[in-house]
Structures are given as C-alpha cells and as structure tokens.
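So the chains spell out like this:
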Amino acid sequence: MPGSPPVGRNNRGRRRGANNAIIQMEGTLVAETMMAPAKVAVNVTVNGSTYTAEVEPRLLLVHFLRENLGLTGTHVGCDTSQCGACVVQLDGQTVKSCTVLAAQVHGSDILTIEGLAKNGEYDPVQQGFWEMHGLQCGFCTPGMIMSSYALLQRNHNPTEKEIRHALEGNLCRCTGYQNIVRAVQYAAGQRVEGGASTAAGGGEERPMPPTGGPPHDPETVAEWGGELAGTSDDSAS
Ligand code: FES
Ligand code: FES
C-alpha cells in the first residue's frame, strides 16, 4: 500500500514489539496498542486430575471446563453473572466460573459437580436433591448443589434462613425453592447422623424432612413439623 511503512516498522521507523499492534489509516499512524499474547499456558487440577492447556487469555473458566475439558455439568444460564448455574469451587472458595478467566486458575485446584460423588456414592447434598425432589428441569441444579455443598462445609447444621441466604446467588426458574431448602436440610441431617461432622453453625434442632413421598404432600409437611407448610414465600429468599 503506497505510503505504508515496511512490515515490522511503524511509520516513524520504529520496529514493532511482538505484542504491539499498529492501527493505520492511509499510511498515517493512528494508534499503537499492546495486544495480549495469543495463548496462555494453564496447568490446573480439576476433580483430582491434572490438565495442561494453552488457552486464549479471554477464555472464561466456565467455557474452559465445558469445552476444553468436556465437564458439561457446570452450566451457563446467563450472561450477567446472576444465575449461579456455573458455580464451582476454586481452591476451596465458591466462585461463579463465568466471572473467572481460565488463565487466572493456573496452579489451582477446582472442584466441579462431576467431582462430588465418591466411589460411586452420591454426596449427601446430591442425595438430598434426589430424595426431596429439589429440582424440576435441573438446569440450576449443579450450581445449587455446589453452593449447598460449600454451605455445609462451613456450617454443618444451617437454619432455613441460613440456607436461603447462602443460595441467594443461585436462581431457579422452576421449583419455588422449597424443596431445594429441604434437600439441603436433608443433606445436613445425613452428615450429622453419619458422624461426618459436628455442628459448627447456629442451626437449631429440627425434625428432618421425611425421605418418602412427595414433599408437597400436606401430611408429609405436617409430619415434618409444618415448618415450611406455613411459609407463604414461595420465591427466592
Ligand atoms: Fe449465570 Fe455464571 S452463568 S452466573
Ligand atoms: Fe429448573 Fe431450577 S429446576 S431452573
């Protein structure tokens, strides 16, 4: 192109750095900007397995998990970081994986929904969602379970209010949340009964939800103490 500087040099005769980009218009220098490197090396442990990959710097962790590693249990439910369907544990901290870059997790340890079951046995939280019908379409469920799992790790016997507070970052379009709360209470009961932990939180004593029959059945709710039967709030806390 007439008037253009030679390749590798800007129109002041300076050589471009490896990551510099020159924007020109009709041979005139308009801007010179830094560009991110094309690929970044990531070494990460996910559910006990180590992976090494070269990723674009802009790649989100949720897409890395789903598309690079094939771990599609972590869902993408929004593009505003509100739904919580993408929740995983990153070095023991609960994160929305749509808010983290894959390049940021280099050297980290990640737990996804696929890593919860051990030796073919569901984690008590997964079992709770099964027993208490804590889902309908299931789209929000991986994130709900991961957030609930994190809650029960730091508070082994949460109250209903504490459960609802812990799940504020997870949205469900189907269930009305009642059975999700029951599922977490069921899991807390399993952990305490099984001696997996002692209560560390401020949860009060309560009868645990029965495991048989549909939880919406009024008799079942009454048998459980009617705690949720009288709750008119059928939405997120
Ligand atoms: Fe909705 Fe991450 S995909 S919060
Ligand atoms: Fe459908 Fe929660 S079960 S979004």
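What you see is a predicted model; the values in this text were computed from it and never measured.

**Examining unusual backbone geometry**
Excluding glycine, a negative phi dihedral is what most residues carry, and trans is how most peptide bonds are arranged. A positive phi is found at N119, a non-glycine position, where the angle reads about 50°. Among the structural elements, N119 can be located in the loop between strand 7 (109-111) and helix 2 (124-131). Of note in this structure, H133 is not a glycine but carries a positive phi near 50°. With respect to the secondary-structure elements, H133 resides in the loop between helix 2 and helix 3 (141-154). We classify H133 as partly exposed; its relative accessible area is 44%.

**A closer look at the sheet that holds strand 5 (residues 87-90)**
Judged by pairing direction, the sheet is mixed, and its 5 strands sit side by side in the order 4-3-7-5-6 without closing on themselves. The two strands at the open ends of the sheet, each matched to only one other strand, are strand 4 (49-55) and strand 6 (93-96). Between one strand axis and the next, the sheet turns through 35° on average, direction left out of account. Examined bridge by bridge, strand 3 (residues 40-46) and strand 4 share 7 bridges and lie antiparallel to one another.

**Thoughts on the environment of G115**
Positionally, G115 belongs in the loop between strand 7 and helix 2. Expressed as a C-alpha distance, the spacing of G115 and S49, which sit 66 residues apart in the sequence, is 10.0 Å.

**Some details on the side chain of S97**
Note that S97 resides in the loop between strand 6 and strand 7. On the basis of relative accessibility, which here comes to 0%, the residue S97 falls in the buried class. With residues up to four places along the chain from it excluded, the contact list for S97 reads L60, L61, V62, L65, T74, C86 and V88.

**A look at the environment of C83**
Here C83 lies in the loop between helix 1 (61-68) and strand 5. Residue C83 is classed as buried on the basis of its relative accessible area, which comes to 11%. Placed 86 residues apart in sequence, C83 and G169 show a C-alpha to C-alpha distance of 6.6 Å. Residues within four places of C83 in sequence aside, it is in contact with G77, C78, G169, N170 and L171.

**So, the nonpolar core**
Formed by 26 residues in total, the largest nonpolar core has its most connected members in L116, V125, F129, M144, I180 and V184. Of all elements in the fold, only helix 2, helix 3, helix 4 (160-166) and helix 5 (178-193) reach the threshold of two or more residues within this core. Per element, the largest residue contribution to this core is 7 residues, and it comes from helix 5. There are two domains that each give this core at least three residues, and those are domain 1 (40-115) and domain 2 (124-214). Apart from residues lying up to four places away in sequence, V184 is in contact with F129, S148, L151, L152, I163 and L167. Core analysis: the next-biggest nonpolar cluster, separate from the first, contains 18 residues, V46, L59, L71 and I110 among them.

What counts and what doesn't
Residues numbered from 1 in each chain as written. Chains lettered and ligands numbered in written order. Predicted model: local features only at pLDDT ≥ 70, side-chain atom pairs only at ≥ 80, totals over all residues. Heavy atoms only, no water. Helix = DSSP H or I, 4+ residues; strand = E, 2+ residues; numbered from the N terminus. Buried < 20%, exposed > 50% of the residue type's maximum accessible area, 1.4 Å probe, protein only. Pairing = 2+ DSSP bridges. Axes fitted to C-alpha atoms, helices over the stretch in contact; angles between N-to-C directions. Contact = heavy atoms within 4.5 Å. Core = buried A, V, L, I, M, F, W, Y, C linked by side-chain atoms within 4.5 Å. Domains from an automatic or database assignment.

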